[in-house]
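Inside the fold
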There are 8 protein chains.
Amino acid sequence: MQKRQLEELLQQVKDGTVDVKEAASRIELTPFVDIGYAKVDTQRELRQGIPEVIYGAGKNAEQMKGIVLAMREKGQRTILITRLTMDKATTLQEQFAMAYYEEAEIGVVGEFPVPDCKGKIVIATGGTSDHKVAEEAALTAEVLGNRVERLYDVGVAGVHRLLAHADCLRDANVVIAIAGMEGALASVIGGLVDCPVIAVPTSVGYGASFGGLTALLAMLNSCASGVSVVNIDNGFGAGYLASMINHRTKES
Amino acid sequence: MQKRQLEELLQQVKDGTVDVKEAASRIELTPFVDIGYAKVDTQRELRQGIPEVIYGAGKNAEQMKGIVLAMREKGQRTILITRLTMDKATTLQEQFAMAYYEEAEIGVVGEFPVPDCKGKIVIATGGTSDHKVAEEAALTAEVLGNRVERLYDVGVAGVHRLLAHADCLRDANVVIAIAGMEGALASVIGGLVDCPVIAVPTSVGYGASFGGLTALLAMLNSCASGVSVVNIDNGFGAGYLASMINHRTKES
Amino acid sequence: MQKRQLEELLQQVKDGTVDVKEAASRIELTPFVDIGYAKVDTQRELRQGIPEVIYGAGKNAEQMKGIVLAMREKGQRTILITRLTMDKATTLQEQFAMAYYEEAEIGVVGEFPVPDCKGKIVIATGGTSDHKVAEEAALTAEVLGNRVERLYDVGVAGVHRLLAHADCLRDANVVIAIAGMEGALASVIGGLVDCPVIAVPTSVGYGASFGGLTALLAMLNSCASGVSVVNIDNGFGAGYLASMINHRTKES
Amino acid sequence: MQKRQLEELLQQVKDGTVDVKEAASRIELTPFVDIGYAKVDTQRELRQGIPEVIYGAGKNAEQMKGIVLAMREKGQRTILITRLTMDKATTLQEQFAMAYYEEAEIGVVGEFPVPDCKGKIVIATGGTSDHKVAEEAALTAEVLGNRVERLYDVGVAGVHRLLAHADCLRDANVVIAIAGMEGALASVIGGLVDCPVIAVPTSVGYGASFGGLTALLAMLNSCASGVSVVNIDNGFGAGYLASMINHRTKES
Amino acid sequence: MQKRQLEELLQQVKDGTVDVKEAASRIELTPFVDIGYAKVDTQRELRQGIPEVIYGAGKNAEQMKGIVLAMREKGQRTILITRLTMDKATTLQEQFAMAYYEEAEIGVVGEFPVPDCKGKIVIATGGTSDHKVAEEAALTAEVLGNRVERLYDVGVAGVHRLLAHADCLRDANVVIAIAGMEGALASVIGGLVDCPVIAVPTSVGYGASFGGLTALLAMLNSCASGVSVVNIDNGFGAGYLASMINHRTKES
Amino acid sequence: MQKRQLEELLQQVKDGTVDVKEAASRIELTPFVDIGYAKVDTQRELRQGIPEVIYGAGKNAEQMKGIVLAMREKGQRTILITRLTMDKATTLQEQFAMAYYEEAEIGVVGEFPVPDCKGKIVIATGGTSDHKVAEEAALTAEVLGNRVERLYDVGVAGVHRLLAHADCLRDANVVIAIAGMEGALASVIGGLVDCPVIAVPTSVGYGASFGGLTALLAMLNSCASGVSVVNIDNGFGAGYLASMINHRTKES
Amino acid sequence: MQKRQLEELLQQVKDGTVDVKEAASRIELTPFVDIGYAKVDTQRELRQGIPEVIYGAGKNAEQMKGIVLAMREKGQRTILITRLTMDKATTLQEQFAMAYYEEAEIGVVGEFPVPDCKGKIVIATGGTSDHKVAEEAALTAEVLGNRVERLYDVGVAGVHRLLAHADCLRDANVVIAIAGMEGALASVIGGLVDCPVIAVPTSVGYGASFGGLTALLAMLNSCASGVSVVNIDNGFGAGYLASMINHRTKES
Amino acid sequence: MQKRQLEELLQQVKDGTVDVKEAASRIELTPFVDIGYAKVDTQRELRQGIPEVIYGAGKNAEQMKGIVLAMREKGQRTILITRLTMDKATTLQEQFAMAYYEEAEIGVVGEFPVPDCKGKIVIATGGTSDHKVAEEAALTAEVLGNRVERLYDVGVAGVHRLLAHADCLRDANVVIAIAGMEGALASVIGGLVDCPVIAVPTSVGYGASFGGLTALLAMLNSCASGVSVVNIDNGFGAGYLASMINHRTKES
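Residues numbered from 1 in each chain as written. Chains lettered and ligands numbered in written order. Predicted model: local features only at pLDDT ≥ 70, side-chain atom pairs only at ≥ 80, totals over all residues. Heavy atoms only, no water.

**Concerning the interface of chain B and chain A**
The test is simple: Contact criterion: two residues are considered in contact whenever any of their non-hydrogen atoms come within 4.5 Å of each other. Buried area counts how much accessible surface, traced with a 1.4 Å probe, disappears from two parts once they are put together, with both parts' losses summed. Any Lys or Arg side-chain nitrogen found within 4 Å of a carboxyl oxygen on Asp or Glu counts as a salt bridge. Between N or O atoms, a polar contact is any pair within 3.5 Å; within protein, one atom must be a potential hydrogen donor and the other a potential acceptor, and residues adjacent in sequence are included only when both atoms are from side chains.
Across the boundary between the two partners, chain B contributes 30 residues, which contact 30 residues of chain A. Together chain B and chain A conceal approximately 2,800 Å² of surface at their shared face, both sides included; 52% is due to carbon and sulfur atoms. Joining chain B to chain A, the criterion identifies zero salt bridges. In this assembly, chain B and chain A are joined by ten residue pairs in polar contact (both at pLDDT 80 or more).

What follows is the structure in structure tokens.
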């Protein structure tokens, strides 16, 4: 409830068109729909400009179906489901039309929107093994209305590969740098561009990579400025934040 | 060297006004000034739009003086020195005019610029003990030409304090959320705003705060979207990134 | 053996009705029943006012059956079995009547008692994925004779959801706050209520949640007072402690 | 603002005795006093039944003085300052009367209250070296109006010492178990009593005690039920929570 | 080669019955039998008084068969195989007679020896779930010729259970204390007896037990003297060391 | 592009046989072949003297097939695929001839080269369980044209086994020391030889070996000089580095 | 109270020479002397055969003086104080005669006893820097009546140094192996001897030695049997346990 | 003792010029000089081709003086002392001539040798703050007879700085890459050169650099081949290993 709406309500109280108890209870009114096992946040789009996303891990197909149906009833056109395993996806697809991206473990209910801003997001990865996370980021950003350019397999051990794409990187509004192992990609890109770099450590690697911890720590300690970090393998979070920045960036 | 400059040079080779060996060596020419113990990166402003900053920890006063003088000769108007201890600051102040901010351990050589964009950065902290890091972020952002609003001591244990400032937070182009202990501030702010939130864990706390590790991990695991994280106590990094985002944000 | 019983025994020694060696050995008598692979603690109810609970992990169905039967012979009316996998439950159900709660992995032998105190325990969770642990806590508390109110899916990223239930929280004798990821729920609730808050970190999350370690550390570092913490995913421990506090709380 | 107050205000709006804008702004009125560097939470006593406490670490004497004076003006009779170093205490004592407990690093402004409930809190420690934390807990509980019984130096390596005090422990409304090293005290006490046990790990020990981490983990893994844990060395938190439980426990 | 053997050889060189090159090479002669993928250490019994043991993890059945056969050819009467999974055991049992203890995952080729010393080893465990490790220790000690007394399920949360067996513990030449979770058993036993206590942390537990790390750290920090620690779940190591101590202890 | 090639190109610009734009773009020309999901680095052999190797983990058979075919078209005679699971190997073997080494999980496409240098690499392991990693190292070195001597199962608990092979170790140009558990092998070998020792910690062990972390830390802290360390289980990295050193070592 | 004493007491009850209440309270009588801030355990010598030791860290000189005086009154002839800093030692020496060993930070009140058993304890160290811990172990063992042989500076990087002393090691009843860095000394010694080896990790080292954690983990993972571990830098614990084993070992 | 020497000795036994016991004892003769608190390893030069180095940390000036004098008597011309604090250096300089390098905390007794091989070692650092470790490496290598080229302050955030020196790097026989923070320098250099790269993580950085742990892990996970790692801040170890490799590399 906005201040303006509050004042209107109070005016109605004053005018006697709404009585006191009714008004008191409207002021306290909770801004969500309760469907028992989850509170669907239908005001989030208003509040944050972006549709709700369903985090699929830890929810069964039945629960997700319920949430999707509640959202669609409220008029949500596109719904993104992340961490959606193949078998749950199959179950959902029996209920409604849903595109499923197997590598990224992402389901999309409804149409992809046309990009609604001119700028682009570049997604760079260190190696072939980072694709899963990269695709989670890319599809998230595309669902949220962004143009995305994929720049995969440009790890720093062959730094000339990366430099060959310096122009592409410099045209971006925001770069998502995705890497496992030593995670140095974020630092090198951070030194090349003057836009925000969102670093995503991945759990790719072996031995002392400790499930992405090494890349995470390395990215947090980046000697380049303009780099910030999201959680290990959090392609969705990076895509979401990148979309937020991209949509708010002024055109150059 | 830009592509245009390269083409010009090649034209001169073709025209015979520059000979082959000379051209080959110009192409390889390194883009920095060597002063022995450090390579001052005078092209960074061009490349990244932002002046060089000196990281004071691990450098002695003599080294910093050399770097500052080299920068000034190249025409740098404002120079920021972070992690500058009081005693080194005193030594530098004997060499040239420098404002010193003791709590933030920051020195500023030259004038603060007038803010060159309309948007603002809000810096929120969880408690009184986070001020040092917050001031490092705030002064960094101000040196880089931003309007900054400080919203200190709004930790989540009294969540009404924070909610009372919701409007202030929603007006920001970017919010820096600074907290130690359990670092929950970033999550709560992330749920309130629709602009990027840069989370800075601080080493404030005791026992199992492990020098900021707990806040760092908590912020990386934020259940709110739009939140990314920089290193523990890295006020500078947050201020720098916030400035980058703020300058690039379109006016609403 | 209570002091009174000891004195009685000594009196019998004095009276000559019990001889010295017999008395010496009764004083040393062990207060439990030995069934070979486990020592069933039949005095615990006397000593602690609460029935024995069987921790199902690491015990096979045969062992659990033996323990249950020994308990029932001693007159135990309700027996709770935690961490009971589906397959072991099925085996047990062939031996005696037992209700099985699949999500919570809990088996209950015998009737649920009628709540024997007026106060209530509120169990709040951060998200849908914390239900398993929450149900373990809730069923434990209910078996132990408490009224339980479930307040699920009120994570701090949408802090208004939680605030909408502030009255419910303030009516509790004790609140159990269950959350994974950054575990901030405990801090925010701790700031809203004036009763004890038992925080339960869950292993829900990915990447740097490290199996609940992040939530655990965050909860231990809560900036709110009145919060204490039990082990990761330890819904039983929280339910048990909450029952203890609830039964001992005076009516307001 | 209570619902009743809100309804009264709305009635006044209806009656025309308060105008709309005035009412709207009262509804949004923030419930604290802003003194610039800190927001003193004068409603906390109302909201939580317990006076504000000042966490002294990370605040300088000047800041603490300001907070104390603001509190006293609001009528706070007793103010507790924790983590107060000797030198800051001396500075504060020049400003107003304050008792200073050196071992516990605690300052108390104003009188200790008379215990306002019959139950008692027992504080048990593993060894001489845990006294500092124990005194922080004990003084906190006493300032908050509790009867406290100290049971120091009863570590489990001589378990008969502890058993000799079993009656004392069983009389408590709540026990605070404080131990460093392997932290086993909490488990053994937890098995002896049927009231809540608050475990406080201390940073006492050497080698692989890792500043209290070992005791913390051991206490979280206690095989006894009814045990919960607060942060390492957090005597204040334990004393505060124990007071909360003690005041709410019904008399037996 | 013993010094005496060396002197004999040199005497033979002097006598001319062995020539120089032959002697030089015998001195360098390796004291083991090479079977390609493993060097069977047939001198160990001489050197250490105890037969070779095969660590089954990481070896396939074929490799173990080869080692067993080589050992038997050298006259080894009893061979212990630890960490032997059921399927590999079955394969081995097709080759030669071998007793297999499923819970302990131990195979024994040949006869158990008659105990060759009077003293006894007591093996105490915290709970039912520690049996696997306890049996590994017990069988190892028995294979090595010791009398073993099992004292299972005497965890410290019911410390009276343990105290009831104090005499049994005090009769031991060495006690093996096996516990997971908070590992306090070792400390309490260490305070009761005056013989060496070998503590074995187990990976039993959940949440912050971190696969036995908590018990390991707790045991290393035991406040009782006379306690030393072996690796997590290392029942074999404890049984072996206990046997070594037991055999060398003088009779009282 | 070598400097000589650059000068030739510039000469052609001068001569007018290549025009300016063409030259500018050639200078920027990227030195790799883009096949979509991976950039095959065909210049690496020139640049580093060693053929490309495919890291099989995280790539599916289809991707690997594509990379192999692209390499072979470019004339690569021998291709090494590491971390290649049996099932993917089988799929690849349907496409082209490939030798598969199951224990080492390595595939080799094409012929093993004849050793092209006289020196040898010695590969020593602590126990039978380290063979997998050792074979990865050995096969890698052999594919890269080295003579390899395997010295397996010489762990330090029987240090005489190792000393018996001292001459073999002293003849090496480089030693690879592979061990899990406490990783002491590297230190003991480092004290025996005067050539570089490459230490490879393995994830063999249990309990507090923490997947190789213990061996890794121990090797990094080796008290012997001349020892450096690669990642846990990184047999390939050790074999590659050993080959590099071996080929560059002068003959003695 | 021994069983015999209990029976005597009961006989006296029967005989009427002791009355019932008196007897009941004697049975419950606590077996220690309470001096307020510490409970001196005067029965320990009876119970464990070894005098009390004072752990000096975390106790001030005044407290230690009180404990020493209480002990001497009870007839304790030799008192060991560990972790005793120079300044506290000086204060104590003003109160009573006490030898102070600066390197080991140990004070000894009273005479060293004559060794009361024939066997010897060998204490081996990896390097000069481990002396402090070694002397703590050696002095502890000597105070407890043992013959000690010091074998310092025999680290494994020069394994021949250690082998040269193999006979000395083999003559021991128990070996204490003290080492920092990679802690390999324990494994190599464990392979050479057939008596128990007590491993003491030290905090000597730098970088990734992590204050002794690396040596600790390495020792726990020792591939040699017969090795157990005490806490980092715990020279006292090792000396105490070694004394216990040495006194109980039969003469060969 | 070399095999040749052993055969000579045996010949003398045969000839009767040396008797059996004498020979037996010579064979066992220890190859070092015992000066009480340290065993100086005078055979190391023979065995390893490189002079002994004194690790200064944990040794007092008196001990170091004794070791130096013993070495000089044995004819050692150049002695390196690492981790030598200023005050100990001053004490030593009163005893004999010694050059002291304050930044590197290194003392050199005797003359630097003339480089005895043509190849060079390149030492690259990420930033000004890594100089201390770099100088330890550089001085070590120079003392050991190598030509060293320093390439300081070429961190990857400005990757063009590093690329500008690619030729210098490619001319090296071995590169030492020294960096703190995210440690990416090693990976980028590893991709540029075809000689061994020794990576040295430094403890430079703040927050989540964890005293060099982040750089250490990152370097171990380097995606470039040919990289191995030494301990955090271990400039000496890197310099020593680099010298070993450099002296053994054939001239190209």
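**Points about the pairing of strand β4 (residues 79–82) of chain B**
Successive residues of a regular strand alternate their side chains across the two faces of the sheet. All names here are of chain B. So the rule is basically this: Burial status follows relative accessibility: with a 1.4 Å probe on protein chains alone, a residue under 20% of its type maximum counts as buried, one over 50% as exposed, and anything between as partly exposed. Secondary structure follows DSSP: runs of H or I at least 4 residues long count as helices, runs of E at least 2 residues long count as strands, and numbering of each begins at the N terminus. Strands are labelled as partners when DSSP assigns at least two bridges between them. Classification remark: right-handed applies to a crossover when, strands pointing away from the viewer, the course from the first strand over the helix to the second runs clockwise.
Side-chain alternation along β4 places Ile79 and Ile81 on one buried face and Leu80 and Thr82 on a second face that is also buried. The sheet contact formed by strand β3 (residues 53–55) and β4 spans three bridges and is parallel. Residue pairing across strands places Ile54 opposite Ile81, the latter belonging to β4. Tracing the backbone out of β3, into helix α4 (residues 61–73) and back to the parallel element β4 gives a crossover that is right-handed. As paired elements, β4 and strand β6 (residues 106–109) share three bridges and run antiparallel to each other. Paired with Leu80 across the bridge in β6 is Val108.

**Topic: the environment of Tyr55 of chain E**
Relative to the elements of secondary structure, Tyr55 of chain E occurs in strand β3 (residues 53–55). With near-sequence residues (within four places) excluded, Tyr55 of chain E lies in contact with Thr82 and Arg83 of chain E together with Gly205 and Tyr206 of chain F.

**What to know about the side chain of Thr214 of chain C**
Summarising the element assignment, Thr214 of chain C is placed in helix α10 (residues 213–220). Among the polar contacts made by the side chain of Thr214 of chain C, one reaches the main-chain carbonyl oxygen of Ala208 of chain C at a distance of 2.7 Å.

**Structural notes on the packing of helix α4 (residues 61–73) of chain C against helix α5 (residues 86–93) of chain C**
All names here are of chain C. Here is the rule: Angles here are taken between N-to-C directions and fall from 0 to 180 degrees, while the axes themselves are lines fitted to C-alpha atoms, restricted in helices to the stretch in contact. For classification purposes, an angle smaller than 35 degrees is called roughly parallel, one larger than 145 roughly antiparallel, one from 65 to 115 roughly perpendicular, and anything else oblique. In this scheme the handedness of a crossing depends on how the near helix is turned from the far one: anticlockwise by less than a right angle means left-handed, clockwise means right-handed. Here the term charged refers only to Asp, Glu, Lys and Arg, the term nonpolar to Ala, Val, Leu, Ile, Met, Phe, Trp, Tyr, Cys and Pro, and the term polar to all other amino acids, Gly among them.
Closest axis-to-axis distance for the α4/α5 pair is 10 Å, and the angle between their directions is 45 degrees. Overall, the two elements α4 and α5 adopt an arrangement that is oblique. Here α4 runs over α5; the crossing is right-handed. In this structure, α4 contributes Ala61, Met64 and Lys65 to the contact, and α5 contributes Lys88, Thr91 and Leu92. Its residues assigned to classes, the contact of α4 with α5 comprises three nonpolar, one polar and two charged.

**Re the relation of the copies chain A and chain H**
To keep things clear, this is the line we draw: Least squares is the method for superposing the copies, and the C-alpha atoms it fits come from residues with pLDDT of at least 70 in both.
In the superposition of chain A on chain H (RMSD 0.2 Å, axial shift 0.0 Å), the rotation amounts to 180 degrees. Considering both components of the superposition, the chain copies are consistent with a two-fold axis. Closest to the rotation axis within chain A is the C-alpha of Ala184 of chain A, separated from it by 2.5 Å. Comparing interface residues between copies, 100% of those in chain A also lie at the interface in chain H; the contact surface is shared.

**Here we look at the interface of chain A and chain H**
Facing 23 residues of chain A, the contacting portion of chain H comprises 23 residues. Summing the contributions of chain A and of chain H, the shared interface buries around 1,900 Å²; its carbon and sulfur component is 72%. Across the chain A-chain H interface, the total number found is zero salt bridges. At the boundary of chain A and chain H, one finds six residue pairs in polar contact (both at pLDDT 80 or more). At the level of secondary structure, the elements contributing two or more residues to the side of chain A that touches chain H comprise α7 (159–163), α9 (185–192) and α10 (213–220) of chain A.

**Side note on the packing of aromatic side chains**
Residue and element names in this part refer to chain F. For the record, the criterion: The criterion for an aromatic pair is that two Phe, Tyr or Trp rings (for Trp, the six-membered ring) have centres within 6.5 Å, with stacked assigned to planes under 30 degrees apart, edge-to-face to planes over 60 apart and tilted to the rest.
What the rule picks out here adds up to 16 aromatic pairs over all chains. On the numbers, 5.7 Å between centres and 55 degrees between planes, the contact of Phe236 with Tyr240 is tilted. Here the residue Phe236 and the residue Tyr240 both occupy positions in helix α11 (residues 235–248), the gap between them amounting to four residues, near one helical turn. By relative accessible area, Tyr240 is classed as buried at 1%.

**Topic: the sheet that holds strand β6 (residues 106–109) of chain F**
All names here are of chain F. Strand order in the open sheet formed by four strands is β3-β4-β6-β5, and the pairing between neighbours is mixed. The sheet is open, and its two edges are formed by β3 (53–55) and β5 (99–101), each paired on a single side. If you compare each strand with its neighbour and ignore which way they point, the axes differ by 15 degrees on average. Running over the sheet, helix α6 (residues 131–143) touches β4 (79–82), β5 and β6 and is turned about 15 degrees from β6.

**A closer look at the relation of the copies chain B and chain A**
Here chain B sits on chain A after a turn of 180 degrees about the axis and a move of 0.0 Å along it, with an RMSD of 0.1 Å. When the interface residues of chain B are mapped onto chain A, 100% of them again lie at the interface, so the same face is used by both copies.

**Some points on the environment of Gly158 of chain H**
Structurally, the position occupied by Gly158 of chain H is in the loop between β8 (147–151) and α7 (159–163). Spatially, the C-alpha atom of Gly158 of chain H lies 67 Å from that of Gln11 of chain H, the residues being 147 residues apart in sequence.

**Section: unusual backbone geometry**
Residue and element names in this part refer to chain A. The residue Met181 is not glycine, and still its phi comes out positive at about 50 degrees. Note on placement: Met181 falls in the loop between β9 (174–179) and α9. We classify Met181 as partly exposed; its relative accessible area is 26%.

**Looking at the sheet that holds strand β3 (residues 53–55) of chain G**
Residues and elements named next belong to chain G. The strand order across the open sheet formed by four strands is β3-β4-β6-β5, and the pairing between neighbours is mixed. Whereas interior strands pair on both sides, the edge strands pair on one side only; in this sheet they are β3 and β5 (99–101). Taking the axes of each pair of neighbouring strands and ignoring which way they run, one obtains an average angle of 15 degrees across the sheet. Docked against the sheet, helix α4 (residues 61–73) engages β3, β4 (79–82) and β6 (106–109), running at close to 160 degrees with respect to β4.

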